[in-house]
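# Chains, contacts and geometry: an overview
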Amino acid sequence: MKKLTREAQEPLIPHIRPSTRNKIRKYIYGGVFFLSIFILYRALNNNESGKKGIGRNGDFMEYDPRKNGPKLEDPVVNMIKLDIYMEAQCPDTSRFFRQQLKKAWDILGNLNRIELNVIPFGKARCTEKGNDFECRCQHGPTECEINQLMNCVIDRFGFPHRYLPAVLCMQGKYSLDEAMTCVTQNFPAEYNRMRECAGGQRGRRLLALSGQKTASITPAIDFIPWIVINGARNSDALYDLTQNACEAMQPMPSACKEYLRSLQ
């Protein structure tokens, strides 16, 4: 058999100088790089629907940042934290509730800018007795019972717009039976549960927990009601809670501006 020559074995490839081959290789690599970037960009910015998806646990929800996202020109709206340490039969607390807290909540409560916490305990004392607590309150055993009822209602319903009308109603009542009428008015189906809680171990435990919160305040309370706005005691709020709450809100809502104008 006739042996092929080297020229016959190799394909006919035009001769390209090494410098030219290097340039071609660079162009090919560059093109592949930019093509990869373009494909990645298209994958991350799919324009088929013009919308982005966000979801949890694999669920997809259409989301248009032009409609759902915050507007850059909108002002930042701050919340304020309002903590009220009180006791059920304290005359100063009763006066504050009826003259200040109810008014402030009627004006500002629906703005969803107040994180309100009501802590019924005051100057009480609770001592642990096995798995239970023995509590003594400043104005006597009845105050402890109503304090416990308030704690039961707050624990049960959680949100101020649910529990506050009942707590406002209970404040200053002279007996547990009288305070229970506030449960009947606001939560008729919960009467038996709340009565059992107020007079039982759970009510005493909830009262003791409120005592722990009260004892953690620095400086220690020496007056009831003790009003705290954004972590600092505000004694002036005892005389005008609405004004002091409004002044802590920046930017100030229109309801606050109208209220402050009414004071002038």
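Residues numbered from 1 in each chain as written. Predicted model: local features only at pLDDT ≥ 70, side-chain atom pairs only at ≥ 80, totals over all residues. Heavy atoms only, no water.

By the naming in an unreviewed UniProt entry, the protein chain goes by Gamma interferon inducible lysosomal thiol reductase and is assigned to Caenorhabditis remanei. The Sequence similarities (unreviewed entry) field of the UniProt record for the protein chain holds the comment "Belongs to the GILT family." (UniProt positions renumbered as here; feature names shortened; annotations may be inferred.)

Here we take up the nonpolar core. One finds Leu 149, Val 153 and Met 170 to be the most contacted residues of the largest nonpolar core, which totals 47 residues. Among all residues touching Leu 149, those that are not within four sequence positions of it are Met 170, Leu 176, Ala 179, Met 180, Val 183, Met 194 and Ala 198. (Core = buried A, V, L, I, M, F, W, Y, C linked by side-chain atoms within 4.5 Å. Buried < 20%, exposed > 50% of the residue type's maximum accessible area, 1.4 Å probe, protein only. Contact = heavy atoms within 4.5 Å.)

This paragraph deals with the state of the cysteines. Counted according to the given criterion, the structure contains five disulfides. In this model Cys 137 forms its disulfide with Cys 144; the gap between the sulfur atoms is 2.1 Å. Residues Cys 137 and Cys 144 share a disulfide whose torsion about the S-S bond is about 105 degrees; that sign makes it right-handed. Accessibility assignment for this pair places Cys 137 and Cys 144 in one class, buried. A sulfur-sulfur separation of 2.0 Å characterises the disulfide bridge that pairs Cys 152 with Cys 197. What sets the handedness of the Cys 152 and Cys 197 disulfide is the S-S torsion sign, and at about -85 degrees it is left-handed. (Disulfide = S-S within 2.5 Å.)

Before going further, it helps to spend a moment on unusual backbone geometry. For the bond from Ile 224 to Pro 225, the omega torsion is 5 degrees, close enough to zero to count as cis. Within the fold, Pro 225 resides in the loop between α9 (201-215) and β7 (226-229). Here the residue pair Gln 250 and Pro 251 is connected by a cis peptide bond, since its omega of 0 degrees sits within 30 degrees of zero. Along the polypeptide, Pro 251 turns up in the loop between α10 (241-248) and α11 (254-263). If you check the backbone angles, Asn 112 has positive phi at about 55 degrees while not being a glycine. Looking at the element boundaries, Asn 112 is found in the loop between α4 (91-108) and β4 (114-120). (Helix = DSSP H or I, 4+ residues; strand = E, 2+ residues; numbered from the N terminus.)

The next subject is the packing of helix α6 (residues 160-170) against helix α7 (residues 176-186). Axis separation between α6 and α7 bottoms out at 8 Å; the angle between their running directions is 150 degrees. Comparing the axis directions of α6 and α7 gives the class roughly antiparallel. The crossing of α6 and α7 is right-handed. Residue-level contacts link Pro 165, Ala 166, Cys 169 and Met 170 of α6 to Ala 179, Cys 182, Val 183, Gln 185 and Asn 186 of α7. The residue makeup of the contact of α6 with α7, split by class, is seven nonpolar, two polar and no charged. (Axes fitted to C-alpha atoms, helices over the stretch in contact; angles between N-to-C directions. Parallel < 35°, antiparallel > 145°, perpendicular 65-115°, else oblique. Left-handed = near helix turned anticlockwise from the far one by under 90°. Nonpolar A, V, L, I, M, F, W, Y, C, P; charged D, E, K, R; others polar.)

This brings us to the pairing of β7. The alternating pattern of β7 places Trp 226 and Val 228 on one face and Ile 227 and Ile 229 on the opposite face, and all of these are buried. Pairing of strand β3 (residues 80-86) with β7, which is carried by four bridges, proceeds in the antiparallel orientation. Bridge assignment links Tyr 85 to a residue of β7, and that residue is Trp 226. With antiparallel pairing between neighbouring strands as the criterion, β7 and strand β8 (residues 232-233) make up a hairpin whose turn holds two residues, including Asn 230 at a positive phi of roughly 55 degrees. (Pairing = 2+ DSSP bridges.)

Relative accessible area serves as the criterion here: at 31%, Pro 251 is assigned to the partly exposed category. When the C-alpha atoms of Pro 251 and Val 77 are compared, they prove to be 6.4 Å apart, with 174 residues separating the residues in sequence.

Considering all chains together, one arrives at nine salt bridges under this definition. Two residues, Arg 195 and Asp 177, come together in a salt bridge whose shortest N-O distance is 2.7 Å. Of this pair, Arg 195 sits in helix α8 (residues 191-198) while Asp 177 sits in helix α7, and the two are 18 residues apart along the sequence. Owing to a relative accessible area of 31%, Arg 195 belongs among the partly exposed residues under this scheme. Look at Asp 177 and you get partly exposed, because its relative accessible area is 48%. Here the salt bridges do not stand alone but share partners, grouping Arg 156, Glu 190 and Arg 193 into one network. (Salt bridge = Lys/Arg side-chain N within 4 Å of Asp/Glu carboxyl O.)

Before going further, it helps to examine α11. For α11, the complete set of buried residues consists of Ala 255, Cys 256, Tyr 259 and Leu 260. Buried residues of α11 fall within an arc of 130 degrees about the axis and therefore sit on the same side. Every exposed residue of α11 that faces more than 90 degrees away from the buried side is listed here: Ser 254 and Arg 261. For α11, the elements touching its buried residues are α4 and α10. (Arc of directions from axis to C-beta.)

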